[in-house]
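Coordinate inspection notes
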Amino acid sequence: MNALETTPTPIAAPVGILAELTHRCPLGCPYCSNPIELEQRAGELETHDWMRVFSEAAAIGILHAHLSGGEPAARRDLVEIVAHCKKVGLYTNLITSGIGLTQERLKQLADAGLDHVQLSIQDAAPESADRIAGYKGAFARKMDVAKWVNEAGLPLTVNAVIHRANIARAGRMVEFAVELGARRVEIAHTQYYVWALVNRKALMPSRAQVDKAVAEVEALRETYAGKIVIDHVIPDYYARYPKACMGGWAKRTLNVNPHGKVLPCHAAETIPGLEFWNVRDHSLGDIWFNAPAFNAFRGTEWMREPCRSCPRKTVDFGGCRCQALALTGDARNADPICHLSPHHDKVSEIAATFDEVDENVPASDYNYRMLKTQVPA
Ligand code: SF4
Ligand code: FES
């Protein structure tokens with residue numbers, strides 16, 4: 001045994017906070033990372049609650065505030081929230097579908113100190129993009145928003161989730177991001193939990209499609225070197241090792257949901273028996289260091305074999321707890337994406353059922369995530 005295995009590591013402060021300001025959203029993406037039971041508008045944290053949360057975040061050493069949703073632009077106090085984050089010294093990243101933003105509002109956000117915008121796109125083909133989003137006109141609106149972001153002088157990242165209906169255009173989406181003026185593009189193959197797990201049958205591409213898309217995107221790195229940074233998240237179901245989900249459970253980031261519940265990851269509520277604390281009852285620092293849900297899978301002590309004796313355990317932390325639960329029935333198991341997991345055959349079986357797929361997915365095949373909102377014009 002080496003020292004790393006025997007010495008308890010002190011808990012470091014988180015680097016980032018993902019603030020789900022609301023679960024309301026005009027879009028209905030079938031791979032949404034929000035929980036199946038979406039939080040209703042009644043019960044959302046008030047402006048002053050969020051301000052206290054961000055003050056506490058800065059006080060414990062958090063650097064980045066990711067303002068997310070749902071659609072964060074559905075909150076009428078978004079400019080006030082950004083201004084407060086700026087005041088307490090947080091770097092702010094607005095994660096948005098773009099719907100609900102106007103040129104005027106973007107300018108107000110930039111003036112309030114917003115640092116960065118991350119705009120989601122559903123596809124590089126307009127009709128398909130609108131079908132995936134479940135919102136007619138979304139594609140055209142996003143083109144406007146990208147232009148306004150550039151005009152406001154804000155750095156832009158474009159984010160595209162890849163699945164069967166758009167995988168043929170994975171490379172095209174990198175080019176599209178360049179055309180939109182983005183400095184960074186994230187091409188992220190779908191992770192199958194919560195809504196994406198519900199929709200897996202309609203979303204999962206074949207192995208051949210994945211191989212082609214991955215090669216295409218990788219080849220573009222050279223083409224666009226110096227023009228755009230490409231973040232490429234490779235699909236799990238065809239990998240040999242899992243990813244360090246969230247950079248390790250309760251290691252780098254935390255999520256605050258619209259009602260103030262603090263979670264170690266998007267899907268943590270799917271894990272039975274975890275006790276989550278709320279910012280209405282505890283300070284953010286108390287929650288990070290002491291909440292039972294955060295300590296449940298922190299570090300490596302909780303691990304079973306094969307992770308317990310694996311040299312990669314401080315690299316991937318056994319993968320994703322929520323995926324382990326979804327596919328093996330127990331969150332303490334190794335993520336079955338890992339080829340060393342005794343449950344890995346489940347992943348191989350699922351992947352094999354998608355060897356032949358038709359990329360023309362009709363909208364009727366999707367279970368859209370729905371909690372519609374009237375966004376400010
Ligand atoms: Fe990661 Fe566990 Fe697999 Fe080792 S056995 S690579 S720690 S998931
Ligand atoms: Fe919960 Fe990966 S989504 S640990």
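Up top is the structure.
Residues numbered from 1 in each chain as written. Chains lettered and ligands numbered in written order. Predicted model: local features only at pLDDT ≥ 70, side-chain atom pairs only at ≥ 80, totals over all residues. Heavy atoms only, no water.

Here's the deal with the packing of helix α2 (residues 47–59) against helix α3 (residues 78–87)
Operational definition: For helices, the axis comes from a line fit to the C-alpha atoms of the stretch in contact; other axes are also lines fit to C-alpha atoms, and the angle between any two N-to-C directions lies between 0 and 180 degrees. Secondary structure elements are taken from DSSP: a helix is a run of H or I of four residues or more, a strand is a run of E of two residues or more, and numbering for both begins at the N terminus. The cut-offs work like this: below 35 degrees is roughly parallel, past 145 is roughly antiparallel, 65 to 115 is roughly perpendicular, and the gaps in between are oblique. We call a crossing left-handed when the near helix sits turned anticlockwise from the far one by less than a right angle, and right-handed when that turn is clockwise. We call two residues contacting when some pair of their heavy atoms lies within 4.5 Å. Classes in brief: Ala, Val, Leu, Ile, Met, Phe, Trp, Tyr, Cys and Pro nonpolar; Asp, Glu, Lys and Arg charged; the others, Gly included, polar.
At a closest axis distance of 10 Å, the pairing of α2 and α3 adopts a crossing angle of 25°. Judged by the inter-axis angle, α2 sits roughly parallel to α3. The way α2 lies across α3 gives a crossing that is right-handed. In this structure, α2 uses Thr47, Trp50, Met51, Phe54 and Ser55 to contact α3, whose residues at the interface are Glu80, Ile81, His84 and Cys85. In terms of residue class, the contact of α2 with α3 is built from 5 nonpolar, 3 polar and 1 charged.

Quick word on the site of ligand 1
We count it as follows: Throughout, the term near means that a residue has one or more heavy atoms lying within 4 Å of the molecule or strand in question. Here a cavity denotes grid points, spaced 1 Å and computed from the protein atoms alone, that fit a 1.4 Å probe unable to get out, and a pocket denotes an open set having protein on both sides within 12 Å along at least 5 of 7 lines; residues with an atom within 4 Å of a point are the lining. Pocket occupancy is defined atom-wise: a molecule lies in a cavity or pocket when more than half of its atoms are within 2 Å of its grid points.
The environment of ligand 1 is made up of Tyr241, Pro242, Pro306, Cys307, Cys310, Arg312, Lys313, Asp316, Gly318, Cys338 and Leu340. When each cavity is represented as a set of grid points, ligand 1 is found to reside in the largest cavity. Considered class by class, the residues forming the shell around ligand 1 number 7 nonpolar, 1 polar and 3 charged.

Here's the deal with the sheet that holds strand β9 (residues 262–263)
Inclusion rule: Pairs of strands are assigned from DSSP output, requiring at least two bridges between the strands.
Judged by pairing direction, the sheet is mixed, and its 9 strands sit side by side in the order β7-β6-β5-β4-β3-β2-β1-β8-β9 without closing on themselves. Two strands bound the open sheet, and with one partner strand each, they are β7 (229–233) and β9. In this sheet, strand β5 (residues 156–162) lies alongside strand β4 (residues 116–121) in parallel orientation, the contact comprising 5 bridges. By the bridge assignment, Leu119 is partnered in β5 with Val158. Taken strand by strand, helix α10 (residues 207–223) contacts β6 (184–189) and β7, and its axis lies near 155° from that of β7.

A look at the pattern of salt bridges
Here is the rule: We define a salt bridge as a side-chain nitrogen of Lys or Arg found within 4 Å of a carboxyl oxygen belonging to Asp or Glu. For the exposure calls, accessible area comes from a 1.4 Å probe over protein chains only, and a residue counts as buried if that area is under 20% of its type's maximum, exposed if over 50%, partly exposed in between.
Applying the stated rule across the entire model yields 17 salt bridges. Arg172 is paired through a salt bridge with Glu179; the nearest N and O atoms lie 3.1 Å apart. Since its relative accessible area comes to 30%, Arg172 is described here as partly exposed. The salt bridge partner of Arg304 is Asp330, with a shortest N-O separation of 3.0 Å.

Side note on the packing of helix α7 (residues 170–179) against α10
Between α7 and α10, whose axes approach to 7 Å, the crossing angle comes to 30°. Accordingly, the angle class assigned to the pair α7 and α10 is roughly parallel. Across the interface between the two elements, Ala170, Gly171, Arg172 and Val174 of α7 pack against Ala213, Glu216, Val217 and Leu220 of α10. Of the residues assigned to the contact of α7 with α10, the class counts are 5 nonpolar, 1 polar and 2 charged.

A closer look at the layout of surface pockets
Take a probe with the size of a water molecule and roll it over the atoms, and the empty space left behind shows itself. Under the convention used in this document: Grid points are joined across faces, edges and corners, and a volume is the space filled by probe spheres set on the points.
The volume enclosed by the largest pocket comes to roughly 1700 Å³. Contributing to the lining of the largest pocket are 50 residues, with Ser33, Gln118, Asn159, Glu186 and His266 lying nearest its centre. Secondary-structure elements contributing two or more residues to the lining of the largest pocket are β1 (16–20), β2 (64–68), β3 (91–96), β4, β5, β6, β7 and β8 (253–256). When residues of the lining of the largest pocket are assigned to their parent elements, the largest contribution, 5 residues, is made by β4. Of the residues contributing to the lining of the largest pocket, the split by class is 19 nonpolar, 23 polar and 8 charged.

Brief notes about the side chain of Arg200
Threshold: Positive charges come from Lys and Arg, negative ones from Asp and Glu, while His and the chain ends are left out of the count.
Along the chain, the position of Arg200 falls in helix α9 (residues 200–203). One buried charged residue, Arg200, forms no salt bridge at all, with the nearest opposite charge on Glu349 at 9.4 Å. Look past the residues within four positions of Arg200 in its chain and what remains in contact with it is Arg164, Tyr192, Tyr237, Leu327, Ile350 and Phe354.

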